[in-house]
Amino acid sequence: MLRQQDVGHRIVVRRIVGIREGRTLFSDALGELVELSETHITLSTDAGPLRVPVAEVHRAKRVPPARRPTAAAVVALELAADEAWPAPVRGRLGDWRLRWADGWTGRANSALPVGDPDRPLPAALDAVQRWYAEHGGSALVNTPLPLAAPVGAELDARGWTSRPPVLVQTVPLRTLTVPPAVPLPTSTPLPADAPAGVPADVPPVTLTDAPADDWLVIAAGRKGGLPDAARQVLTGTPRVRFAELREDGRLLAVGRGTVTGAGRWLGVSLLETVPEARRRGLAATVVRALAGWGAAEGATHAFLQVEQSNSGAVALYRGLGFTTHHTYLTRVAPAA
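What you see is a predicted model; the values in this text were computed from it and never measured.

*Asks:* So what exactly am I meant to see when it comes to the confidence of the model for the protein chain here?
*Replies:* A low pLDDT means the predicted coordinates there should not be read in detail. When pLDDT is averaged along the protein chain, the result is 89; 92% of the residues meet or exceed 70. When pLDDT is averaged over each element of the protein chain, strand E7 (residues 96-100) comes out on top at 98 and strand E4 (residues 48-53) at the bottom at 85. The low-confidence segment residues 178-198, where pLDDT is below 50, has 48 contacts with residues more than four positions distant or belonging to other chains.

Structure representation (structure tokens):
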């Protein structure tokens with residue numbers, strides 16, 4: 001059977017799916033193990049997340065990895081994502097990043113354990129907990145898998161829990177069809193030859209270099225408020241654009257784009273459509289508009305981060321060509 005050390009690795013699970021004419025029926029699943037509990041095994045498969053009750057597992061084992069990004073590629077993308085979501089208070093523990101934004105979002109308030117912490121792992125995690133206690137918060141650690149699997153194993157031994165798995169997904173910008181946008185005077189215009197492809201009833205997208213008040217209202221509704229630290233996270237990246245899609249002056253869809261990672265990566269975040277305007281292709285239109293800006297800035301690939309359990313968003317991104325580069329778990333320290 002599986003152990004916590006197998007989290008982040010490719011596994012095959014043979015599960016019991018029924019009985020026919022006195023014979024047990026089995027089904028096999030192949031994917032990356034993202035969570036292992038006493039009651040369930042959770043895999044990231046090509047068809048999406050799969051949660052298998054342990055009681056249904058006949059056999060499960062680790063198998064050789066499929067072709068996956070190198071450790072260096074995972075580190076590079078994680079650092080580009082860190083640039084794209086810059087916490088106002090930052091520290092270093094060797095190569096590890098420590099980030100604090102008054103508790104606003106897990107990404108901006110967690111340690112990123114990539115590289116060498118310049119001390120033994122147990123001592124490094126002790127130092128992480130002290131740093132967050134000094135800043136008035138509880139420690140969180142984002143563990144990219146399988147890169148940070150040794151960190152995860154040590155956290156398991158300390159009784160840390162996990163938030164839902166997050167998929168880090170990527171796509172080459174050339175695969176996205178980018179419709180033209182209507183920039184405000186402060187915006188960088190999209191290329192004049194950007195191809196069309198927007199449904200007839202979808203308004204154009206505007207890209208600005210600062211978020212409008214109603215843009216911030218939508219972001220606050222999604223993220224549970226916007227403290228001062230949040231505004232620094234949103235605007236602190238040198239190359240950033242805020243996408244607006246309006247109809248008769250009313251804001252229907254938003255998104256945020258950044259260019260980081262030595263100019264290679266367009267980061268897409270805070271993609272949101274108001275409930276009454278959903279299922280019109282607005283979110284996809286916003287992504288394509290941001291992709292056009294990113295390409296004009298010299299980026300070659302896009303990335304985003306989405307909870308594996310958000311099936312609607314995962315399906316949208318799959319339709320745009322995004323595939324999973326790697327996953328991560330946000331680990332939560334036990335209550336004192």
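*Asks:* Mind showing me how you'd approach empty space enclosed by the protein here?
*Replies:* Think of a ball as big as a water molecule: rolled over the atoms, this probe shows where empty space is left. The final tally for this structure, using the stated rule, is 1 cavity of 30 Å³ or more. There is about 80 Å³ of room inside the largest cavity. In terms of lining residues, the largest cavity is bounded by Glu78, Ala81, Asp82, Trp85, Arg99, Arg107, Leu112, Asn142, Gln305 and Tyr328. Considering only residue class, the lining of the largest cavity consists of 4 nonpolar, 2 polar and 4 charged.

*Asks:* What should I look at first to understand the nonpolar core in this one?
*Replies:* Most often, soluble globular proteins have nonpolar side chains that are buried together. Core analysis: the biggest nonpolar cluster contains 54 residues, and Trp215, Leu234, Leu245, Leu266, Val286 and Phe322 have the highest contact counts within it. Counting residues per element, this core draws most heavily on helix H6 (residues 282-296), which supplies 9 residues. Dropping the residues within four chain positions of it, leucine 266 is found in contact with Leu173, Gly257, Thr258, Leu290, Ala291, Trp293, Gly294, Ala299, His301, Ala302 and Phe303. Counting 18 residues, the second-largest nonpolar core is a separate cluster that includes Ala127, Tyr132, Ala139 and Val151.

*Asks:* In this structure, what is going on with the pattern of salt bridges? I would like to understand it.
*Replies:* Pairing of side chains with opposite charge becomes possible as their charged atoms draw close. One pass over the full model with this rule turns up 14 salt bridges. The salt bridge partner of aspartate 214 is arginine 246, with a shortest N-O separation of 2.7 Å. In this pair, aspartate 214 is assigned in helix H4 (residues 213-223) and arginine 246 in strand E12 (residues 240-247), connecting sequence segments 32 residues apart. A relative accessible area of 30% places aspartate 214 in the partly exposed class.

*Asks:* Mind showing me how you'd approach the pairing of E7 here?
*Replies:* Consecutive side chains of a regular strand alternate in pointing toward one face of the sheet and then the other. In terms of burial, E7 is a largely internal element, 5 of the 5 residues being buried. Burial along E7 is two-sided: Trp96, Leu98 and Trp100 facing one way and Arg97 and Arg99 facing the other are all buried. Relative to E7, strand E6 (residues 89-93) is paired through 5 bridges, and the arrangement is antiparallel. Along E7, the bridge assignment pairs arginine 90 with arginine 99. The hairpin turn running from E6 into E7, its antiparallel successor, is 2 residues long, and glycine 94 in that turn takes a positive phi close to 65 degrees.

*Asks:* Before we go on, may I ask you to explain the packing of aromatic side chains in this structure?
*Replies:* By convention here, two paired aromatic rings are described through the distance between centres and the angle between planes. For the structure shown, the criterion picks out 6 aromatic pairs. Ring centres of tryptophan 265 and phenylalanine 303 lie 6.1 Å apart, and the angle between their planes is 80 degrees; this geometry places the pair in the edge-to-face category. You can see tryptophan 265 sitting in strand E14 (residues 265-273) and its partner phenylalanine 303 sitting in strand E15 (residues 301-307), a full 38 residues away along the chain. Classification of phenylalanine 303 as buried rests on a relative accessible area of 4%. Ring geometry for tyrosine 317 and phenylalanine 322: centres 5.9 Å apart, planes at 65 degrees, overall edge-to-face. Taken together, the ring pairs in this structure connect Trp100, Trp131 and Tyr132 into an aromatic cluster. Sitting over the ring of phenylalanine 26, arginine 14 keeps its end group 5.8 Å from the ring centre.

*Asks:* Would you mind going over helix H1 (residues 71-84) with me for this structure?
*Replies:* Here H1 is 14 residues long and its end C-alpha atoms lie 20 Å apart, about the 20 Å a rise of 1.5 Å per residue gives. Within the span of H1, buried status applies to Val74, Leu77, Glu78, Ala80, Ala81, Asp82 and Ala84.

*Asks:* Sorry if this is basic, but what is going on with the layout of surface pockets here?
*Replies:* Approximately 1,100 Å³ is the volume attributed to the largest pocket. Among the secondary structure elements, those contributing two or more residues to the lining of the largest pocket are H1, H4, strand E13 (250-260), E14, H6, E15, helix H7 (311-320) and strand E16 (323-332). Looking at side-chain class alone, the lining of the largest pocket contains 19 nonpolar, 11 polar and 10 charged residues. As a volume, the second largest pocket reaches approximately 580 Å³. Lining the second largest pocket are 23 residues; nearest its centre among them are Glu32, Ser44, Thr45, Asp46 and Thr324. For the lining of the second largest pocket, the secondary structure elements donating two or more residues are strand E2 (23-36), strand E3 (40-45), E4, strand E10 (166-172), H7 and E16. If one sorts the elements of the lining of the second largest pocket by residue count, E16 sits on top with 4 residues. Considered class by class, the residues forming the lining of the second largest pocket number 7 nonpolar, 10 polar and 6 charged.

Definitions and cut-offs
Residues numbered from 1 in each chain as written. Predicted model: local features only at pLDDT ≥ 70, side-chain atom pairs only at ≥ 80, totals over all residues. Heavy atoms only, no water. pLDDT = per-residue confidence, 0-100. Helix = DSSP H or I, 4+ residues; strand = E, 2+ residues; numbered from the N terminus. Contact = heavy atoms within 4.5 Å. 1 Å grid on protein atoms, 1.4 Å probe; cavity = no way out; pocket = protein on both sides within 12 Å on 5 of 7 lines; lining within 4 Å. Points joined across faces, edges and corners; volume = space filled by probe spheres on them. Nonpolar A, V, L, I, M, F, W, Y, C, P; charged D, E, K, R; others polar. Core = buried A, V, L, I, M, F, W, Y, C linked by side-chain atoms within 4.5 Å. Buried < 20%, exposed > 50% of the residue type's maximum accessible area, 1.4 Å probe, protein only. Salt bridge = Lys/Arg side-chain N within 4 Å of Asp/Glu carboxyl O. Pairing = 2+ DSSP bridges. Phe/Tyr/Trp six-rings, centres within 6.5 Å; stacked < 30°, edge-to-face > 60°. Lys NZ or Arg CZ within 6 Å of the ring centre and 35° of its normal. Expected span 1.5 Å × (residues − 1).

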